Amino acid sequence: MSVAPRTDGVLVDRYGRVARDLRVSLTDKCNLRCTYCMPAEGLPWLAGPELLTDAEIVRLVRVAVERLGVTEVRFTGGEPLIRPGLVGIVAAVAALEPRPRISLTTNGIGLDRLAPALRTAGLDRVNVSLDTLDQGRFTQLTRRDRLGAVLAGLAGAADAGLSPVKINSVLMRGVNEDEAPALLRFAVDHGYQLRIIEQMPLDAQHGWDRSTMVTAEEVLTSLRTRFDLSPDPAERGAAPAETWLVDGGPARVGVIASVTRPFCGDCDRTRLTADGQVRACLFATEESDLRAALRAGADDDDLARRWRTAMWGKRAGHGIDDPTFLQPTRPMSAIGG
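Parameters at a glance
- Residues numbered from 1 in each chain as written.
- Predicted model: local features only at pLDDT ≥ 70, side-chain atom pairs only at ≥ 80, totals over all residues.
- Heavy atoms only, no water.
- Helix = DSSP H or I, 4+ residues; strand = E, 2+ residues; numbered from the N terminus.
- Buried < 20%, exposed > 50% of the residue type's maximum accessible area, 1.4 Å probe, protein only.
- Contact = heavy atoms within 4.5 Å.
- Areas by Shrake-Rupley, 256 points an atom, 1.4 Å probe, with all protein chains shown as cover.
- Core = buried A, V, L, I, M, F, W, Y, C linked by side-chain atoms within 4.5 Å.
- Salt bridge = Lys/Arg side-chain N within 4 Å of Asp/Glu carboxyl O.
- Arc of directions from axis to C-beta.

**Observations concerning the overall build of the protein chain**
Turning to step 1, where the next piece is worked out: What the protein chain contains, in helices and strands, is 10 helices and 14 strands.
Turning to step 2, where the next piece is worked out: Within the protein chain, the fraction of its 337 residues that count as buried is 54%.
Turning to step 3, where the next piece is worked out: Put simply, of all contacts in the protein chain between residues at least 6 apart along the chain, 72% involve residues at least 24 apart.
Turning to step 4, where the next piece is worked out: For the protein chain, the computed accessible surface area is about 13900 Å², with 52% contributed by carbon and sulfur atoms.

What follows is the structure in structure tokens.
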């Protein structure tokens, strides 16, 4: 094991993991109020001057791509579609050399209108969050009656060629735990790819309870009541989802078992918050401030050095099962997935 960060253009930690996947939060704001994410009244949002500008985001992504070996950039939030400069940011990142793969995680509201412009700008694909196909449950879960808008967003993304269109679903006991087969049937029928994610302790209310989390094993048991699932022969690599062929393929379904089957040993992600903080892990309790350095006049070499140092301190795992585990102060909406 090395004793100091490397300086040869990659983001490596002390365990030898190399971060090539950058998650960039564009805003902490969201137009839904999902019960497992934030309270009904919302949260104290970041003030405008605290947010990175469009130009600052593009510069930091450029440093990551050109100097640190990042090959994939995913824009997240909050809800990234409400960021006014989104299309321009995507276009600027698509113009980088070498060009990274560019994706977006969204709740889908407004995606039907923006998808063509995003595709033209250079967006490659999208992940759309959808936890239920039942209108009443959707309204209960998100505190907004917008299921139709999300479904329109999915269709719009597919029509624009933002494929594969992936659906991210979180199942909760006593709420929507019975919907796994219906969500998979919907995804297969429409040519989408379903990913079911174990609920993680990232809610603003700090009310996560493992007993209410539907586990990966329970998800698979439920899916097998309606579908034949066989192991996907494709190499998983650093992907967070374990995937299975549905009824022999080519359709696939993935399960992201962040809690019960952690994949920290293969993690290749680094994160940049909307206010310019580097997070080495989704569950990190510490951050490294690039915004202050950038605004103080740091050059690209200095920004890259600071980023390498931040990643060098990445822990071996998220430690959710450790009795000393502390949930991050920031909720998911402020971190970015």
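Continuing now.
**Regarding the nonpolar core**
Turning to step 1, where the next piece is worked out: Judged by nonpolar contacts, the single largest core of 91 residues is most densely connected at Val24, Val61, Phe75, Val126 and Trp307.
Turning to step 2, where the next piece is worked out: If near-sequence neighbours (up to four positions away) are discounted, Trp307 is found in contact with Leu11, Leu22, Leu60, Ala64, Leu68, Thr270, Val278 and Leu290.

**Topic: the pattern of salt bridges**
Turning to step 1, where the next piece is worked out: Applying the stated criterion to the full structure yields 23 salt bridges.
Turning to step 2, where the next piece is worked out: A salt bridge links Arg83 to Asp54; its shortest N-O distance comes to 2.6 Å. Placement of Arg83 in the loop between strand 4 (72-76) and helix 2 (86-94) and of Asp54 in helix 1 (residues 54-68) is noted, with a sequence separation of 29 residues between them.
Turning to step 3, where the next piece is worked out: Taking relative accessible area as the criterion, Asp54 reaches 32% and is therefore assigned partly exposed.
Turning to step 4, where the next piece is worked out: Each of the salt bridges in this network shares a partner with another, and the network as a whole consists of Arg59, Arg62, Glu66 and Asp300.

**Describing helix 2**
Turning to step 1, where the next piece is worked out: What helix 2 keeps buried is the set Leu86, Ile89, Val90, Val93 and Ala94. Around the axis of helix 2, the buried residues are gathered within 130° of arc, so they sit on the same side.
Turning to step 2, where the next piece is worked out: Considering only its buried residues, helix 2 is in contact with helix 1, strand 4, strand 5 (101-106) and helix 3 (111-121).

**Side note on unusual backbone geometry**
Turning to step 1, where the next piece is worked out: Of the consecutive residues Ser163 and Pro164, the connecting peptide bond is found in the cis state with omega at 0°.
Turning to step 2, where the next piece is worked out: Residue position: Pro164 is located in the loop between helix 5 (147-159) and strand 7 (166-170).
Turning to step 3, where the next piece is worked out: Here the bond from Gly249 into Pro250 is cis, since omega is 5°, no more than 30 degrees from zero.
Turning to step 4, where the next piece is worked out: As for its position among the elements, Pro250 is in the loop between strand 10 (242-246) and strand 11 (252-256).
Turning to step 5, where the next piece is worked out: Within the chain, Arg143 stands out as a residue other than glycine whose phi angle is a positive 60°.
Turning to step 6, where the next piece is worked out: Among the residues examined, Arg143 registers a relative accessible area of 29% and is labelled partly exposed.

**Examining the environment of Asp189**
Turning to step 1, where the next piece is worked out: Among the structural elements, Asp189 can be located in helix 6 (residues 180-190).
Turning to step 2, where the next piece is worked out: Linking Asp189 and Ala251, residues 62 residues apart in sequence, is a C-alpha distance of 9.6 Å.

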